[in-house]
Amino acid sequence: MSTSALKFSGHEHLRTRLAMSLLSGKALRVDKIRPDDKNPGLRGQFCLPLCGIVKYAHSISDYEASLLRLLEKISNGAVIEISYTAGILSGGRIEHDCSAARSVGYFLEPVLMLAPFCKKPLELTLRGVTSDDLDLSADVLRTVSLPHLQLFGVSDGLELKIKKRGAMPLGGGEIEFRCPIVKQVTSLNFVDAGRVKRIRGIAHAVRVSPQFSSRMIDAARGVLNRYIPDLYLYADVYKGEESGKSPGYGLTLVAESTTGALHYAELLSTPGATPEDIAQTAARALLQAIRRGGAVDRDHQSWCSEDIARCRMGELSERAIQTLRDIKEFWGTSFKIVAESPAADGDGEQLLVSCFGTGFINSNRTLA
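Structural notes, computed from the coordinates. (Residues numbered from 1 in each chain as written. Predicted model: local features only at pLDDT ≥ 70, side-chain atom pairs only at ≥ 80, totals over all residues. Heavy atoms only, no water.)

**Concerning the packing of helix α1 (residues 14-24) against helix α3 (residues 104-114)**
Interaxial distance between α1 and α3 falls to 9 Å at its minimum, and their mutual angle equals 30°. When the interaxial angle is binned, α1 and α3 end up roughly parallel. Where α1 crosses over α3, the handedness of that crossing is right-handed. For the pair α1 and α3, the contacting residues are R15, A19, L22 and L23 in the first and G105, Y106, E109, P110, M113 and L114 in the second. A class-by-class count of the residues in the contact of α1 with α3 yields seven nonpolar, one polar and two charged. (Axes fitted to C-alpha atoms, helices over the stretch in contact; angles between N-to-C directions. Helix = DSSP H or I, 4+ residues; strand = E, 2+ residues; numbered from the N terminus. Parallel < 35°, antiparallel > 145°, perpendicular 65-115°, else oblique. Left-handed = near helix turned anticlockwise from the far one by under 90°. Contact = heavy atoms within 4.5 Å. Nonpolar A, V, L, I, M, F, W, Y, C, P; charged D, E, K, R; others polar.)

Spelled out as C-alpha cells, the structure:
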C-alpha cells in the first residue's frame with residue numbers, strides 16, 4: 001500500500017475519490033472542504049471512532065460523515081483524519097442507517113464500484129430515503145445501474161431489492177443489495193447504441209392516494225405512445241410500514257435499445273405540481289436523454305472508465321471528465337477521446353472514449 005497521500009481540495013467528487021483510494025490502496029487527503037461556507041457541514045468537530053482510534057473530521061456534513069462510516073464498515077483498516085488511508089475491502093453482511101439529508105443512492109453508488117472487489121460477497125442493507133432529486137434513486141440503481149455493472153462481467157448473484165420506500169424528508173425506506181466478487185472485471189467494448197426498442201416505467205406512491213400512480217401512467221402514455229408501441233408502465237404503491245415516514249410519489253422511465261443501451265429519466269413530486277405535470281416532464285426528459293445518444297447515459301459515464309476498451313458516449317458530463325482526470329492521478333491511465341459526426345437522425349455529437357486499462361485484479365479475494 002502506498003504511504004504517500006494524493007492530495008485534493010474541495011468536497012466535489014469525494015465519493016469517487018474515496019472509491020479509487022480503496023481500489024488503488026493509495027492514501028487520500030482532502031482539504032479546503034467548503035472553506036467559504038458560513039456553516040460548513042456539522043457545527044463544531046465531528047468525531048469518527050475508527051479501528052479503536054479517534055480521529056477528527058472538520059467541515060464535513062452529516063451525510064458525508066455517514067458515507068465515511070459506511071466505507072469503514074465495508075473495509076478493514078481504513079483510517080480517516082480527513083486524510084483517508086485505505087484499508088482492505090472485506091465485504092460480508094453489513095447494515096447501515098444513512099443520513100436523511102441524501103438518498104440511499106448517494107451511499108450505494110460508490111459501493112457499487114467497490115463491491116465486486118471485496119474479500120467476501122457483499123450483503124448490504126441501507127435504511128433511509130430511497131429517492132430524492134439529488135442522487136440516483138433505488139429504482140434507477142436497480143433498473144439502470146445494475147445492468148451497467150453487468151457489462152463488466154458482474155452478474156451471478158447481483159441483486160437489489162426495495163423492501164420499504166422512504167420519501168423525503170423523514171425517509172424510513174430500506175433496500176437490500178447483494179453483489180458477488182470477481183477476480184477481474186471484463187474490458188468493455190460498447191460502441192453501438194442501437195435503436196430504442198422498448199420503454200418501461202415505475203410510478204411509485206407512498207402515503208398518498210394510489211390514483212396518483214394511475215394518473216402519472218396515463219399522462220406519460222399520452223406523450224410516449226406517439227413514439228413507440230412497446231411501452232409498459234406499472235404502479236408500485238406501498239402501504240403501511242413499507243411506505244416509510246413521509247408522503248411522496250414519482251415516475252421512473254427507462255428506455256432500452258436493441259443493443260442493450262439504457263437511458264432513463266426520473267422526476268419526483270414537488271409542492272404545487274400535479275401527477276400529470278410530473279409524468280409529462282419526465283417523459284420529455286427521457287426523449288431528451290435518448291436524443292443525446294451514446295451507449296451510456298450521462299449519469300453512468302463515470303462508471304465506464306476504469307479498464308475500458310471502447311465506449312461510445314454523448315456529451316461528457318462534468319463528473320465524467322473529472323473522473324477521467326482522477327483515474328490518471330491514481331493509476332496513470334490516459335484516455336483517448338475522438339469526436340464523431342452526428343448521426344443522420346439529428347442526434348448530438350458522439351464521442352468514442354478508449355484506453356488501455358490497468359488489468360486491475362481483485363487482490364482482496366486472496367487474503368486470508
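Past the structure itself, the notes keep going.
**Quick look at the pattern of salt bridges**
By the definition in use, this model includes 17 salt bridges. Across the salt bridge formed by R15 and E109, the nearest N and O atoms sit 3.4 Å from each other. Taken together, the residues span a long stretch of sequence, with R15 in helix α1 and E109 in helix α3 at a distance of 94 residues. In terms of burial, R15 and E109 fall into one category: buried. Among the salt bridges present, the one from E276 reaches R215, with a minimum N-O distance of 2.9 Å. In this pair, E276 sits in helix α6 (residues 275-292) while R215 sits in helix α5 (residues 211-224), placing the two residues 61 residues apart along the sequence. Taking relative accessible area as the criterion, E276 reaches 26% and is therefore assigned partly exposed. Several salt bridges converge on common partners, so that one network encompasses E95, D97, R127 and E174. (Salt bridge = Lys/Arg side-chain N within 4 Å of Asp/Glu carboxyl O. Buried < 20%, exposed > 50% of the residue type's maximum accessible area, 1.4 Å probe, protein only.)

**Remarks on the pairing of strand β12 (residues 173-179)**
Of all seven residues that make up β12, five are buried, and the element is covered over most of its length. Sheet topology note: the strand β11 (residues 159-164)/β12 ladder contains five bridges and is antiparallel. By the bridge assignment for β12, E159 is matched with R178. (Pairing = 2+ DSSP bridges.)

**A few points about the side chain of H300**
Relative to the assigned elements, H300 resides in the loop between α6 and β18 (308-313). Judged by its relative accessible area of 0%, H300 is buried. With residues near it in sequence (within four places) discarded, H300 still touches L136, V140, V144, S145, H148 and Y264.

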